[in-house]
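A structural walkthrough
Each chain, written out:
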Amino acid sequence: MVVAAYLYVYAFWLILPSLCLAALRWGGWPERIVAFLFLAAAAGSILLKSSVTGGYRTIEIGVLIVDLSLLGALVWVMVQADRRWLIWVVALQAISTTGHLARLVTPDLSRMAYALMVGASSYPALFLLGLGIIGHYRASRRRAAFSF
């Protein structure tokens, strides 16, 4: 169980920088901004979490601030950009952010449940970012092929 948890975290920290580099190389401005936002939010969550090993005992105010900031920034990018995948990313972030509300309403909620509610959307969001990068790359290649 503990090994699986570490693999989950290590895989995230391998995938996220890789997607950031891919966004810089093949993504458009929305993909680049979202990749940077994900990286900043992941780092901010680590820095602002109350404890590395004993976190999520109470509402994580620092992580809540990061999640709300990320949600606001993602909504802004979604409104500005013409990318359908961003709608799903915003929805996932909204669900993740409501995990803090669940902790507030249910104080006896287990630490693991709270942590999972807040962090479970990270992999699907990374997957959607990857799809966005691929979609932008394909669209730019099609445009280049048809512009004589």
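Our subject is the structure listed above.
Side note on the overall build of the chain
Across its full length, the chain holds 6 helices and 0 strands. In sequence order, the chain lays out its α and β elements as α-α-α-α-α-α. With the C-alpha coordinates aligned to their principal axes, the bounding extent of the chain is approximately 65 × 35 × 20 Å. Partitioning the intrachain contacts of the chain with sequence separation of at least 6 by distance along the chain shows that 68% fall at a separation of at least 24.

Concerning the environment of L64
Within the element layout of this structure, L64 appears in helix α3 (residues 61-80). The spacing of L64 and Y114 is 50 residues in sequence and 12 Å in space, taken between C-alpha atoms. Ignoring anything within four residues of it in the chain, the contact list for L64 reads T97 and H100.

Thoughts on the packing of helix α4 (residues 85-105) against helix α5 (residues 111-119)
Here α4 crosses α5 at 155°, and the two axes come no closer than 6 Å. Comparing the axis directions of α4 and α5 gives the class roughly antiparallel. Residue-level contacts link S96, G99, H100, A102 and R103 of α4 to Y114, M117, V118 and G119 of α5. Residues that form the contact of α4 with α5 fall into these classes: 4 nonpolar, 4 polar and 1 charged.

Description of the pattern of salt bridges
Inspection of every chain in the model, using the stated rule, returns 1 salt bridge. A salt bridge links R83 to E31, with the shortest nitrogen-to-oxygen separation between them at 2.7 Å. Note that R83 is positioned in the loop between α3 and α4 and E31 in helix α2 (residues 29-48), a separation of 52 residues in sequence. Note on R83: relative accessible area 23%, which makes it partly exposed.

Topic: helix α6 (residues 122-146)
The terminal C-alpha atoms of α6, which comprises 25 residues, lie 36 Å apart, in line with the 36 Å expected from a rise of 1.5 Å per residue. Of the residues making up α6, those classed as buried are A125, L126, L128, L129, G130, G132, I133, H136 and A139.

Side note on the environment of L14
Along the chain, L14 falls in helix α1 (residues 2-26). Put simply, L14 and R103 are 89 residues apart on the chain and 29 Å apart in space, counted from C-alpha to C-alpha.

Considering a nonpolar patch on the surface
Residues Y6, Y8, V9 and Y10 make up a contiguous nonpolar surface patch of about 440 Å² in total accessible area. With respect to the helices, strands and loops of the structure, Y8 is situated in helix α1. Classification of Y8 as partly exposed rests on a relative accessible area of 38%.

What counts as what
- In this numbering scheme, every chain counts its residues from 1 along its sequence in written order.
- In keeping with the predicted nature of the model, local features appear solely for residues at pLDDT of at least 70, side-chain atom pairs appear and are counted solely at 80 or more, and the whole-chain, interface and lining totals rest on all residues.
- Heavy atoms from the whole structure form the basis of all side-chain values; hydrogens and water molecules are not counted.
- A helix here means a DSSP run of H or I that spans at least four residues, while a strand means a run of E at least two residues long, and both kinds are numbered starting from the N terminus.
- A contact between two residues is defined here by any heavy atoms of the two lying within 4.5 Å.
- Comment: axis = line fitted to C-alpha atoms, over the contacting stretch for helices; angle = value between 0 and 180 degrees taken between N-to-C directions.
- Note on angle classes: values under 35 degrees are labelled roughly parallel, values over 145 roughly antiparallel, values of 65 to 115 roughly perpendicular, and the remainder oblique.
- Amino acids are sorted into nonpolar (Ala, Val, Leu, Ile, Met, Phe, Trp, Tyr, Cys and Pro), charged (Asp, Glu, Lys and Arg) and polar (every other residue, Gly among them).
- Whenever a carboxyl oxygen of Asp or Glu lies within 4 Å of a side-chain nitrogen of Lys or Arg, that contact is scored as a salt bridge.
- Note on classification: 1.4 Å probe, protein chains only; a residue is buried when its accessible area is under 20% of the maximum for its type, exposed when over 50%, partly exposed between these limits.
- Working rule for helices: expected span equals 1.5 Å times residues minus one.
- Patch definition: residues with relative accessible area over 30% and no salt bridge; like charges joined within 9 Å; nonpolar side chains (Val, Leu, Ile, Met, Phe, Trp, Tyr) joined within 5 Å.
- Exposure was quantified through the Shrake-Rupley algorithm and a 1.4 Å probe, taking into account, for residues, occlusion by the shown protein chains and nothing else.

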